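# Commentary on secondary and tertiary structure
As a plain string of letters, each chain reads:
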Amino acid sequence: MLSLHDVSVAYDAVPAVVDATLTLADGDVLAVLGPSGSGKSTLLRAVAGLEPTTAGRICWDGADLAGVPTHKRGFALMFQDGQLFAHLTVAGNVGYALRLRRTPKARERVRELLALVGLEGYGDRLPGTLSGGERQRVALARSLAVSPRLLLLDEPLSALDAGLRERLAADLRDILRAAGTTALMVTHDHDEAFAVADLLAVMRSGRIVQQGDIAEVWRAPVDAETALFLGYARVLDGAAAGTLLAAAGLAAAPAVAVRRSALAVAEGGPLGGVVVSGRATPEQIRLVVDVDGIGEVDAVARLGTHPAPGERVALAVDPSRLAATPAGRERSGG
Amino acid sequence: MSSGMKRALTLVALAAVPLAVLGVFFVLPVSGMIGEGFWVDGTFDPGAVLEVLGRPRVHRVIWFTVWSSVLGTTFAVLLGLPAAHLLYRREFLGRRVLRALLLVPFVLPTVVVGVAFRELIGESGPLGFLGLDGSAAAIIAGLVFFNVAVVIRAVGASWESLDPRPAEAAAALGAGPAHVFRTVTLPALRPAIVSAASVVFLFCATAFGVVLTLGGLRYSSLETEIYLLTTNLLDLQAAAALSIVQLLAITALLVVTGRLRAVPDPSLARSTARHRRPSRGDWPGLLAAGVVVVLVGTPLAALVVGSLRADDTWSIANYRALSGEGSHQALLVPVTDALVTSLRTAVDATWMSLSLGLLVAIVVTRRSRSRSERRVRGLLDGLFMLPLGVSAVTLGFGFLITLDQPPLDVRDSLLLVPIAQALVALPLVVRTLVPVLGGVDDRQRQAAASLGAGPVRAFMTVDLPAMWKPLLAAAGFAFAVSLGEFGATSFLARDDHPTMPIVIFRLIGHPGAMNYGMALAASVVLAATTAVVMLLVERLRVPSVGSF
Amino acid sequence: MRLAAPILAIVLAGSACSAVGEDSSPGDETASDRVVLVTHESFVLPKKLEKQFEEESGYDLVVRGSGDAGTLTNKLVLTKDDPLGDVAFGVDNTFASRALDEGVFAPYDAELPAGADAYELAGDDDHRLTPVDNASVCVNVDDTWFAEHDLAPPTTLDDLADPAYQDLFVLPGAATSSPGMAFLLTTVAAYGDAWPDYWTKLMANGAKLTAGWSDAYEVDFTQGGGQGDRPIVLSYDSSPAFTVADGKTSTSALLDTCFRQVEYAGVLDGAANPDGAEALVDFLLSPDVQAALPDSMYVFPVASDAPLPQDWAEFAQQPTKPYAVDPASISEHRDDWLREWSDVTSR
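Residues numbered from 1 in each chain as written. Chains lettered and ligands numbered in written order. Predicted model: local features only at pLDDT ≥ 70, side-chain atom pairs only at ≥ 80, totals over all residues.

Assigned secondary structure in chain B consists of 23 helices and four strands. The C-alpha atoms of chain B give 24 Å as radius of gyration, which agrees with the globular expectation for 548 residues (24 Å, within 12%). Over its C-alpha atoms, taken along the principal directions, chain B stretches across nearly 70 × 65 × 45 Å. Counting all 548 residues of chain B, 57% fall into the buried class. Put simply, 82% of the contacts in chain B that link residues at least 6 apart link residues at least 24 apart. (Helix = DSSP H or I, 4+ residues; strand = E, 2+ residues; numbered from the N terminus. Rg over C-alpha atoms; globule rule 2.2 N^0.38 Å. Buried ≥ 20, exposed ≤ 12 C-beta atoms within 10 Å, placed from the backbone. Contact = placed C-beta atoms within 7 Å.)

In C-alpha cells form, the structure reads like this:
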C-alpha cells in the first residue's frame, strides 16, 4: 500500500507540490488528474524517487521510502513517450528488468508479455520501426515485466491519437486488472482517467483539491474549477443556480455544475428559452440556449429535430447530470 | 541524510578525483609561478606586476593574440563545418582514411610543420610568389592547419548522429537548404560548434611555434612573450602579469561560450538513418573539404617528399637511419625507441584524460536541482578548460618549483609527462563528451532506474551507447594530443625517455643533411602512426550500438 | 553485456602498453649513490662514455636535460633552494653572471686541462664555473653560390649591410635563439652604443629574421636541407665541417664576425652528492670527453691538446679574435638590449 503524508516538493524554493496526502491500496488504480503545471508529474516523480521531497513522507506498507533510490523501490515508471532504449530490440527492452534480476525463462516471459500487450512476434524489431501506439505497448510490457509492486504511468496515452487512445485505454485497464497491478497514473485528460482508473485525485496549483472514488468525485466536484476540469460545461451560481436546481427538483445550493447534456429539448419541459446557436454531431444536436431566468447554457436535442436560432423551445433537466457545488461564479469551459 | 545532501555529496565525490589532479598538477604550479612574480625577495609587491600591464608592448601583444586567434578560429570553423558534414554525414569510399589523415597535423611538432610550411611559402618555395612568408596570413594559415581537425572531429561526432527528421520537416514546410541549415541544423549543432570553437581559440591563443616560425619574429603573442620573459629574461613580474591576463581572458571566454552553448533543450534525438552518398547539392562540403585537404595535404606532401630525398636523389636512407642515433649521435636513443616511448606515454595520457574527462562530463551534465547546483556545475565545466589556455612554460616551471616536497616530490616521476599531457587533452575530452551526454534524455536514465537498474547499470544502458562514438573520438583526440605535445613535455621528459617530438626537435636543431632528413622522416613516421591509430580507433565499433 | 568485450580489450591493450608501474626512478637508491646532471636539451654524450664514468666513479649517472641554455639557467635560479640535481652543465657566458649572482653554484676549483684557462669566466674568482667547451657564432657563406654568381663573398659585419649583398642574409632572432643573441652581442661589441644603427642598416639591406637556427639554416640557407635561396647565414664556426663533399667544404665561416660562447659546468649549491658532482666536472674535462665533444655536441673542446675529428681539423676554423662582451654587462643590459633590438627589427 502506497501512502503519502503531507508531501511537498519545491524547485529552487518554488513549490511544485504542497502537502499532498494520498493512500493507494494494493490492486487499485489511481488517476491523478490536473492541468499542466499542476504538479501532478512532480508528485509522480517524487513517488518514483526521482525528485527529493522538501517535506512529508512517502511510505510503502508503512515503511518510509526516503533514502531508497529509484532502482530499489520496485516501482516501474512508464513515460508519456515510452523512453524505449533505441539500441535494444523490442525483446531486449521488455526483458531488460528480467535480465537485471537474472530471471529464469526470461525469454518465455517476454513472449507472454508481448502477447499480453498484443504484440506477438515483435520481439526482434527495433523501437525506431514501431508506431507510437506500438511503442507505448512495448513500454507497458517492459514496465510490467517484473510485476512491479507499483506501476507509475506518466500521461501514458496522451501522445497518441484519439481513436488509438480510446482503444489503448480500455486495453490498459484490462491489462492492469488482469495483472492485478497497483498503479498510479497522472493525466490531464479526464476521459483517460475515467477509462483506466478506479480512484481519482484532482490536483491544482500543487495541491490535491479532491480525491476519492472516481464516480464520487465526478458526482460531487469540490468546487467550480474542479467541476470544469472534470468535464462539466458550465458552473452556474446565484439565482441561475437556484432556478436550475428547482427545475431539477434538487435542494438549493450556492452553485451548480452543468454537463453539456443536462438540459434536453423536450415538449412540456419545465424550462423555456430561445435557441442561440446549434450544431449537429453524429449522436445529437448541440445547442446553446438562452434560458429564462438562467441565461445562456448548453443543451442537446435529438437528431431529426431542427431547432433554429431564435426559435423558442422547452427544456427538461436530467438531475444526474448536475452537481451541486460550493459557491462559484459562472464560467464557461469545456 | 537528506537526499539533497546526498546529491551534493555524490557531486563532490565524482568531482573529487579530477579536482585533486587539477589542483596538484595545474593550480598549484601555476599559482606558484604567478606567486614568484608577486613576491619579490619574500615581500609582497604587486606594483611591478601591475606596472607591466601598462606597457605599450604588452598592449600590442594582447591585441595580436586576440585578433590572430579570432581569425584562426573563424577560418577553422568556416572550413571545418562543411568538411565535417561531408566526412560525417555522407558515405563514400575512403572517408575514414580521410578523417584519420586530417587529424595528422594535430600531432606534428610545430618545428617541423613550420619548416614544411616555409619550404612551400618561403622566398624560394613553390608558393613564394604569394609573399606569405613572415606575414600574419601565414600565421593564420598555420593556426587553421593545426586546428581545423578539432572542428571537423568535434562537430562531426555530434552531426553524425543528428536526427535528420527535423530538417526534413523544415524542408517539407518550404525551407530551402540554406534556410534549413540556419534554422534547424545549426541550432542543433550549436553546443558542439561553440565547444569546438572555444577549444580552437585556446589552442590558437597559446600557439607558440606557429607564431614564431611563420611570423618571422614580427609578431608576438602572449604565449611567445611569456616564453621570452620566463626563459630568457627571467622577468617573472612581467610573466606573472601576462599569465594573469591569460587566465582572465580564458575566464571571459568561458563565460561567453557558456552562454552561447546553453540551449533551452539540449536533448538530441539520435538518428537511425543511413547516410547517403555525396551529391551535387553537397558542393559547399566538397569545396571546403577540398580546401582543407589542400591546406593540410600540401605541407604534409612537402614533408614526405623531403623525407625521401637524401644526397639529392630519391632514397629511403633517412628512414633506415631512424633506428640509429643520428649522424654524429645527435640523439641519445634511436628514433624507434622514442616512438615506443611516445606510444606508451600516449596510452597513459589517453586513459588518464578519458577517465578524468568522463567523470567531469558526468558531473557537468547531470540535471541540476537548483540554481546554485547549476552554477557549481558550470564552474566545474570551466575550470577544466583552464589548462588549455595557460602557457606551457608557466606550467613547466611551476612544476619544478612547487612539486618538490614530499608527498608531492614528483619532479622525477615518469608519470609527470602523461599527467601533463592528460591535462592538456582533458578539455578536448570534456568538450567532446559534454554535448552528447547533455543530449541524452534524462528520462531514459529514469526509465532504467525505475526498472531496477542502479546508477552504474543505468549509465551502461543509456549513456554508454550514446557516448561510444564520442568517447572514441575523444580517445583519438587525447592520443593525438599526447603524441604531438611538445611545450610541457620538453620541460618534463627525461633524457633517457624522450618522445618523438622531442627527438625530432633535437634532430632538426643540429646541423648535417642527414639529421634534417631524419627529422622529416621521423615526422612522417609520427604522422603515419597517428593516422593508423586513428583508423584503428574508428574501426572499434560495438555491434550492439553499430546500428545508429 | 556486449559492451564488455571491447572495453576489456581496450583496457588490456592499454595496460600492456602503459608505462605506469615501470617507473624506473630508483627509489631504493640513496642520493649518494648517484649523480644527477641537470643540463639543456643539446647535451649528448656517447653511452660508452657515460658507462665509463659510472664504472670509474662508482656512481650512477642520471641526466635531466630540457630546454635551452636560458631555460636551464632560469630553472637553476628558480630551484636554487632545492636544486634539481648535483651538477649542472650548459650555462654559457651569456647567462653565467645571472647564475652566479643568484648563488646557484658552489665553488669547485677543478684541475683544468691545457689551454682551458683561456676560457675561464671573467669575474668568477672563486671558481664556481668550469669551462667545458666552446663554439663561436659566426656568419657563414655558401662559397659555391658566390662562385656561381661571380660575386666576392662578404667578410666583415659592415659588408653585410652593403647593397651588394642585399636580400642574401638570413639569421635567427636574438629574442628566440641563442646564436641570435650571440650575434646581437657581436654587434654590441663591434659598434658600442651605435649598434642599433647597424641593425637598422642591416634590416634595410633585406636581412631576414627567423625564429630559430634550424629555420634559418635548414629552410632559407642555400646549403641547408631545404635548399633555400639565401647564401649568407648566421651559424657556427664548426658548420663548414658539415657541408663537406668530395673532400671539400662548400661553405666557410667569416672569422671576423664571431662571438664566442663558452659552456660551463658547475657543482650546484646544496647538492645531495657534492663529491659525485665534482667527479663529474672532472670527468667532463677528461681527455675522452673532450675528444668526444665535437661529434656529440658540435662544439670545440676547451683542452687545446684534444684531438679533433678529421673534417673539423680540416674545415672548421676557430676565430682567433672573437668579439666579447663582459658577462656582468650582459646580465645587466640583456633586457634593454633585447627590447631595443625588437623595436629596431620590427620597425
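Moving on from the model shown.
Another point: the overall build of chain A. Helix and strand counts for chain A come out as 10 helices and 19 strands. Referenced to the eigenvectors of the C-alpha coordinate spread, the extents of chain A come out at roughly 70 × 45 × 30 Å. Out of the 334 residues in chain A, the part that is buried amounts to 44%. Put simply, 66% of the contacts in chain A that link residues at least 6 apart link residues at least 24 apart.

Moving on: unusual backbone geometry. Across residues other than glycine, the phi torsion is negative in most instances, and most of the peptide bonds are trans. With a phi close to 50°, S205(A) is a non-glycine residue in the positive phi region. Turning to its location among the elements, S205(A) is positioned in the loop between strand 9 (199-204) and strand 10 (207-213). Its 15 C-beta neighbours within 10 Å are what place S205(A) among the partly exposed residues. One non-glycine residue, H127(C), lies in positive phi territory at about 55°. Tracing the chain through its elements places H127(C) in the loop between strand 4 (105-106) and strand 5 (130-142).

Residues and elements named next belong to chain A. Per the domain assignment, the segments of chain A are domain 1 (2-226) and domain 2 (232-332). Here the C-alpha centre of domain 2 lies 37 Å away from the C-alpha centre of domain 1. Counting residues at the interface gives five residues for domain 1, matched by nine residues for domain 2. When grouped by side-chain class, the residues that make up the side of domain 1 that touches domain 2 number three nonpolar, no polar and two charged. (Domains from an automatic or database assignment. Nonpolar A, V, L, I, M, F, W, Y, C, P; charged D, E, K, R; others polar.)

This paragraph deals with the interface of chain A and chain B. Facing the 22 residues of chain A at the interface are 25 residues of chain B. Broken down by secondary-structure element, the contributors of at least two residues to the side of chain A that touches chain B are strand 6 (75-78) and helix 3 (96-100) of chain A. Residue composition of the side of chain A that touches chain B, by class: 13 nonpolar, six polar and three charged.

This part takes up the sheet that holds strand 8 (residues 183-187) of chain A. The pairing of strands in a sheet comes from backbone hydrogen bonds and takes either a parallel or an antiparallel form. Residues and elements named next belong to chain A. Read across the sheet, six strands follow the order 6-7-8-3-9-10 without closing on themselves; strand pairing throughout is mixed. The open sheet terminates on both sides in strands that have one partner only, identified here as strand 6 and strand 10. For this sheet, the mean inter-axis angle between neighbouring strands, taken without regard to orientation, is 15°. Here strand 3 (residues 29-33) pairs with strand 8 via five bridges, running parallel. Looking at the pairing, L30 lines up with L184 of strand 8. (Pairing = 2+ DSSP bridges. Axes fitted to C-alpha atoms, helices over the stretch in contact; angles between N-to-C directions.)

Residue and element names in this part refer to chain A. Sheet architecture is open: four strands sit in the order 2-1-4-5, paired in antiparallel fashion. This sheet does not close on itself; its edge strands, each paired only once, are strand 2 (14-24) and strand 5 (63-64). Examined bridge by bridge, strand 1 (residues 2-11) and strand 2 share seven bridges and lie antiparallel to one another. Bridging across to strand 2, V7 finds its partner in A20. Along the sheet face, helix 1 (residues 40-48) touches strand 1, strand 2 and strand 4 (55-60) and points at about 65° away from the line of strand 2.

The subject of this paragraph is the pairing of strand 8 of chain A. Residues and elements named next belong to chain A. The buried count for strand 8 comes to five of five residues, which makes it a mostly enclosed element. Judged by which residues are buried, strand 8 turns out to be covered on both faces: A183, M185 and T187 on one side and L184 and V186 on the other are all buried. Following the backbone out of strand 7 (residues 150-154), through helix 6 (residues 162-179) and into the adjacent parallel strand 8, one traces a crossover that is right-handed. (Right-handed = clockwise from strand over helix to strand, strands pointing away.)

On to helix 1 of chain A. Residues and elements named next belong to chain A. Across the nine residues that make up helix 1, a large majority, nine, are buried. Of all the positions in helix 1, only K40, S41, T42, L43, L44, R45, A46, V47 and A48 are classed as buried. Positioned one or two residues after helix 1, G49 has a phi angle of 90°, which is positive.

Turning our eyes to something else, we now look at the confidence of the model for chain B. Residue and element names in this part refer to chain B. For chain B, the average pLDDT comes to 81, and 91% of its residues sit at 70 or higher. Element-level pLDDT for chain B is lowest in helix 7 (residues 165-172), with a mean of 73, against a maximum mean of 91 in helix 3 (residues 56-89). Note on residues 541-548: pLDDT is under 50 here. Beyond four places in sequence and across chains, it has 19 contacts. Scored as a whole, the predicted complex attains pTM 0.76, and scored at its interfaces, ipTM 0.79. (pLDDT = per-residue confidence, 0-100.)

This part is about the nonpolar core. The biggest cluster of nonpolar side chains holds 388 residues, and the ones touching the most others in it are L152(A), V151(B) and V87(C). With 17 residues, the top contributor of residues to this core is helix 6 (residues 136-160) of chain B. Those residues within four positions of V151(B) in sequence are excluded, and the remaining contacts are A76(B), V77(B), G80(B), L81(B), A84(B), A196(B) and V200(B). Residues A241(C), F242(C), W312(C) and A316(C) belong to the second largest nonpolar core, which totals five residues. (Core = buried A, V, L, I, M, F, W, Y, C linked by C-beta atoms within 7 Å.)

Once that is clear, we can look at the packing of helix 7 (residues 178-191) of chain C against helix 8 (residues 195-204) of chain C. The geometry of a pair of packed helices is captured by two quantities: the angle between their axes and the separation between those axes. All names here are of chain C. Where helix 7 contacts helix 8, the axes come no closer than 8 Å and their chain directions differ by 120°. The pairing of helix 7 with helix 8 is recorded here as oblique in orientation. Crossing geometry of helix 7 relative to helix 8 is assigned as right-handed. Contact residues: helix 7 offers T187, V188 and Y191, while helix 8 offers W195, Y198 and W199. Residues of the contact of helix 7 with helix 8, tallied by class, amount to five nonpolar, one polar and no charged. (Parallel < 35°, antiparallel > 145°, perpendicular 65-115°, else oblique. Left-handed = near helix turned anticlockwise from the far one by under 90°.)

Right, let's get into helix 14 (residues 335-365) of chain B. Taking 1.5 Å of rise per residue, 31 residues should cover 45 Å, and helix 14 of chain B covers 42 Å from first to last C-alpha, within 8% of that figure. Of all 31 residues making up helix 14 of chain B, 24 are buried, and the element is well covered by its neighbours. (Expected span 1.5 Å × (residues − 1).)

Right, let's talk about the environment of L234(C) for a bit. All names here are of chain C. By secondary structure assignment, the location of L234 is in strand 8 (residues 232-236). The spacing of L234 and D158 is 76 residues in sequence and 15 Å in space, taken between C-alpha atoms. For L234, the residues in contact, after removing those within four places along its chain, are V137, V139, L171, P172, P179, F183 and A216.

Looking now at the environment of L160(A). All names here are of chain A. By secondary structure assignment, the location of L160 is in the loop between strand 7 and helix 6. The spacing of L160 and G133 is 27 residues in sequence and 6.5 Å in space, taken between C-alpha atoms. When neighbours within four sequence positions are excluded, L160 is seen to be in contact with G132, G133, Q136, R165 and L168.

Residues and elements named next belong to chain B. In this fold, V40 is placed in strand 1 (residues 39-40). Assessed through the 15 C-beta atoms surrounding it within 10 Å, V40 is described here as partly exposed. As for V40 and A178, which are separated by 138 residues in sequence, their C-alpha atoms are 59 Å apart. Those residues in contact with V40, other than ones at most four positions away along the chain, are D45 and A48.

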